[in-house]
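Architecture and fold: a report
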Amino acid sequence: MGARDRQLRTLMARHVHRVRVSALTPKMDVEPAELRHLQVLRLRVGDALEVFDGEGEEGRAELSALSPASATLTLLGRTEAAAEYPQPVTLAIALLKGDKLSDVVRAATELGAARIQLLHTRYADVPDIGENKLTRLRRVGEEAARQSQRSVVPEVLAPIKLGMLDLDGQLGVYAHPGSRLKLAELVKWTQPVTLISGPEGGFAPEDLSVLERAGCQGATLGPRILRAETAPLAMLGALAASGV
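A few points on the structure. (Residues numbered from 1 in each chain as written. Predicted model: local features only at pLDDT ≥ 70, side-chain atom pairs only at ≥ 80, totals over all residues. Heavy atoms only, no water.)

1. Quick word on the sheet that holds strand β2 (residues 27-29)
Going by this rule: A pair of strands counts as paired when DSSP detects no fewer than two bridges linking them. Starting at the N terminus, helices and strands are each numbered in turn, a helix being any DSSP run of H or I of at least four residues and a strand any DSSP run of E of at least two. Every angle, taken between N-to-C directions, lies between 0 and 180 degrees, and every axis is a line fitted to C-alpha atoms, over only the stretch in contact when it is a helix. Here, residues are in contact when the closest pair of their heavy atoms is within 4.5 Å.
Spatially, β1-β3-β4-β5-β2 is the arrangement adopted by the five strands of the open sheet, whose pairing is mixed. Looking at strand neighbours, the two that pair on one side only are β1 (18-20) and β2, the edges of this open sheet. Between one strand axis and the next, the sheet turns through 40° on average, direction left out of account. Inspection of the sheet shows β1 paired to strand β3 (residues 48-52) by three bridges, in the parallel sense. By the bridge assignment for β3, valine 19 is matched with valine 51. Packing against the sheet, helix α2 (residues 32-40) makes contact with β1, β3, β4 (58-66) and β5 (71-79), and its axis sits at approximately 160° to β1.

2. Remarks on helix α3 (residues 100-110)
Side chains of residues three or four places apart in an α-helix project in the same direction, reflecting 3.6 residues per turn. This is how it is decided: Throughout this description, buried means an accessible area under 20% of the type-specific maximum (1.4 Å probe, protein chains only), exposed means over 50%, and partly exposed covers the range between.
Counting buried positions along α3 gives eight out of eleven residues, so the element sits mostly inside the fold. All of the buried residues in α3 are Lys100, Leu101, Ser102, Val104, Val105, Ala107, Ala108 and Thr109. Structurally, α3 contributes buried residues whose contacts are with β6 (89-94), β7 (115-120), α4 (131-147), β8 (155-161) and α7 (231-240). The first or second residue beyond α3 is glycine 112, which carries a positive phi of 105°.

3. Description of the environment of threonine 230
Assignment of secondary structure puts threonine 230 in the loop between β11 (217-219) and α7. Owing to a relative accessible area of 35%, threonine 230 belongs among the partly exposed residues under this scheme. Sequence separation between threonine 230 and valine 104 is 126 residues, and the spatial gap between their C-alpha atoms is 8.1 Å.

4. Some thoughts on the nonpolar core
For the record, the criterion: Among the buried residues, those of types Ala, Val, Leu, Ile, Met, Phe, Trp, Tyr and Cys that are joined through side-chain atoms within 4.5 Å form a nonpolar core.
By size, the foremost hydrophobic cluster in this structure holds 33 residues, and its most contacted members are Val89, Ile116, Leu118, Val173, Leu183, Leu195 and Leu239. Of all the elements, α3 adds the most residues to this core, at four residues. With near-sequence residues (within four places) excluded, valine 89 lies in contact with Ala113, Ala114, Arg115, Trp189, Val193, Leu195, Leu236 and Leu239. In terms of nonpolar packing, the next biggest core, distinct from the first, is built from 15 residues, Leu24, Val30, Ala61 and Leu73 among them.

5. Focus: the packing of α3 against α7
Each pair of packed helices gets described by two things: the angle between the helix axes and the distance between those axes. Note the threshold: Oblique is the label for any angle not under 35 degrees, not over 145, and not in the 65 to 115 range, which are roughly parallel, roughly antiparallel and roughly perpendicular in turn. Nonpolar residues are Ala, Val, Leu, Ile, Met, Phe, Trp, Tyr, Cys and Pro. Charged residues are Asp, Glu, Lys and Arg, and all others, Gly as well, are polar.
Between α3 and α7, the shortest axis-to-axis distance is 10 Å and the interhelical angle comes to 0°. On the basis of the axis angle, α3 is roughly parallel to α7. Between α3 and α7, the residues in contact are Val104, Ala107 and Ala108 and Pro232, Leu233 and Leu236, respectively. Residue composition of the contact of α3 with α7, by class: six nonpolar, no polar and no charged.

6. Comments concerning the packing of α3 against α4
Note the threshold: The handedness criterion is simple: a crossing whose near helix is rotated anticlockwise from the far helix by less than a right angle is left-handed, and one whose near helix is rotated clockwise is right-handed.
Closest axis-to-axis distance for the α3/α4 pair is 8 Å, and the angle between their directions is 30°. In the crossing of α3 with α4, the sense of the turn from one axis to the other is right-handed. Residues Leu101, Ser102, Val105, Arg106, Thr109 and Glu110 of α3 touch α4, and the partners they reach there are Lys133, Arg136, Leu137, Val140, Gly141, Ala144, Ala145 and Gln147. Grouping the constituent residues of the contact of α3 with α4 by class yields six nonpolar, four polar and four charged.

Take a look at the structure:
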């Protein structure tokens, strides 16, 4: 074993790598994307791993078989997953240009969002995104879940019109500078929560009408006007800092 390999394995011993699996079972086959990840890390049969299914279950496993085309893990035991919010939190966000959506998805995953719904709004920065961009956003969410040691990987859903947002018994709260209500005053954790954030130009009057008809409530994020990529994270950060 060369010096570089020894150094790499020493680092690996300090940090157990996380692998996503379809379900926690006694024997688990590794999917192609995760297989490439294991190969890049130069893992070997017998190495320990953490596994998670993206839906809240996680555990410890051992790499029991590895070839260029496949890998098998043996489940050693289940572990207690990191705490999630008392109720699922959806982040509904207007389409943003450039890499702003990727930045929001990454941070929203770290801050505990269980689902991310993209929205078409009147002043949205871009009219739509393609399938490749949507796939990339989902990959960003999965990588962020792995990095932040979450066992839940948030869904990233294709854009819909604001009027199609179905709260279905959820509490809907939208970022609104004109409101006097704070997020903590609205969220009581008796039902799932959907946080709604607009584009750079804010919500148009017709957007606000749609939100009000849906029973959503506006919440202030403080005395300053936040950028479109900052506001949703401020909302999630307020929940994360509430100590729930």
